[in-house]
Amino acid sequence: MSITPATEDAISVAAAILRNGGLVGMPTETVYGIAADALNVDAVMATFAAKGRPSENPLIVHVASVDQARSLVSAFPDTASKLAERFWPGPLTLVLNKKSTIPSQVTGGLATVAVRVPAHPVARRLIEVSGLALSAPSANRFMALSPTSAEMISPGIARDLAMVLDGGPCEVGIESTVLDLSGDKPAILRPGDVSAGQIEDVLGMPVLGHSGEARKSPGMYARHYAPRAQVIVVDRLPENGAGLVLQSTADPMQIPMPLIAHEFAQKLYKALYDLDARGVDVIYVEAPPRTEEWSAVWDRLSKASHSEG
Ligand code: TXA
Ligand code: MG
């Protein structure tokens, strides 16, 4: 794989690769993704193969505008318009009833499709130059940590990518909020940087899953977003005077973490990745506060610390 700075020339090359059915590592403001032409079944299948991901786990389709999003769905309800107006481009994914033109492989056989307009300028430019809607799951092997920089993409994934566009470290650092608008009531399927409270403010109605009890969706597993080392969340680590930290057992390295939820989220995967890279067996994470603004962080911590079986 070549990691290439995301210049306009490199984006043109990547766009040509995508139009020919290839896979490209793409920066977004949340995490890096594996971009492919969402309407090309072979490219979509290659995406699943690269990740080692079960076929019933649907992909998010990335578009550059509300109009392009509309072209993929059978209806774009008022709720979607309001949320798009407020949060797009940005880390909010909307699940809507799909048009028949979307291959069922993209949606894991569901009648709905997940769409978002990413905020990262490289992702948006790549969509525009390619003229495609781009399916893009996070660029990690199934269950593993999502990469928040180009260098964090594992060699096992990278060998299947024609190129990786390097757009620097991700600003949000955890995956987008996934909101299901296909049913009677809006429901959070995956918490993220856009909170249930913010969505409720815009819609003026309650959102299911507000308490962190997300409704079931394919692709949501108890264990996920996990480094190789075991993750244990503890109230407080001994000999730590400095606020939240991540610490490994084998060596006493501590990574100080910000006490602001979105800054903590931005650093979390990189911190787990760095400790993992030291070959440690256990990573301790000091428990952040239990308030609503930390719910996306808690979602990722509980999944990363969930033991298999
Ligand atoms: O921030 C993000 O969303 C990143 C970047 C690359 O955009 N992408 C990402 O994709 O996290 P992925 O494939 O790792 O996670 C997508 C999840 C699926 O596992 C599934 O839980 C949910 O979104 N999803 C996608 N389509 C859905 C649908 N039609 N119905 C319900 N859930 C869906
Ligand atoms: Mg993922």
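None of these values were measured; they are calculated from a predicted model.

Peer 1: Which residues make up the pattern of salt bridges, and what values do they have?
Peer 2: Throughout the structure, instances matching the rule amount to eight salt bridges. Measuring nitrogen to oxygen at the nearest pair gives 2.7 Å for the salt bridge that ties Arg-116 to Glu-29. Note that Arg-116 is positioned in strand 6 (residues 112-116) and Glu-29 in the loop between strand 2 (24-26) and strand 3 (33-37), a separation of 87 residues in sequence. There is no split in this pair, since Arg-116 and Glu-29 are both buried. Between Arg-228 and Asp-276 there is a salt bridge; the shortest N-O distance is 3.6 Å. Separated by 48 residues along the polypeptide, Arg-228 in the loop between helix 7 (196-203) and strand 11 (230-234) and Asp-276 in helix 8 (residues 261-277) bring together distant segments of the chain. When its relative accessible area of 53% is taken as the criterion, Arg-228 is described as exposed. In this structure Asp-276 comes out as buried when scored by relative accessible area, which is 15%. Residues joined in a network through salt bridges with shared partners are Glu-175, Asp-299, Arg-300 and Lys-303.

Peer 1: Quick one: what's the story with helix 7, residue by residue and with numbers?
Peer 2: The α-helix advances 3.6 residues per turn, and as a result positions three or four apart in sequence lie on the same side. Listed as buried for helix 7 are Ala-196, Gly-197, Ile-199, Glu-200 and Leu-203. When helix 7 is viewed along its axis, its buried side chains cluster within an angular range of 160° and face the same direction. The inward-facing, buried residues of helix 7 abut helix 4 (78-87), strand 5 (92-97), strand 9 (177-180) and strand 10 (187-190). Directly beyond the C-terminal end of helix 7, a positive phi value near 65° is found at Gly-204.

Peer 1: Summarise unusual backbone geometry; cite the residues concerned and give the values.
Peer 2: Looking along the chain, the bond that leaves Trp-88 and enters Pro-89 is cis, with omega of -5°. One can find Pro-89 in the loop between helix 4 and strand 5.

Scoring rules and cut-offs
Residues numbered from 1 in each chain as written. Chains lettered and ligands numbered in written order. Predicted model: local features only at pLDDT ≥ 70, side-chain atom pairs only at ≥ 80, totals over all residues. Heavy atoms only, no water. Salt bridge = Lys/Arg side-chain N within 4 Å of Asp/Glu carboxyl O. Helix = DSSP H or I, 4+ residues; strand = E, 2+ residues; numbered from the N terminus. Buried < 20%, exposed > 50% of the residue type's maximum accessible area, 1.4 Å probe, protein only. Arc of directions from axis to C-beta. Contact = heavy atoms within 4.5 Å.

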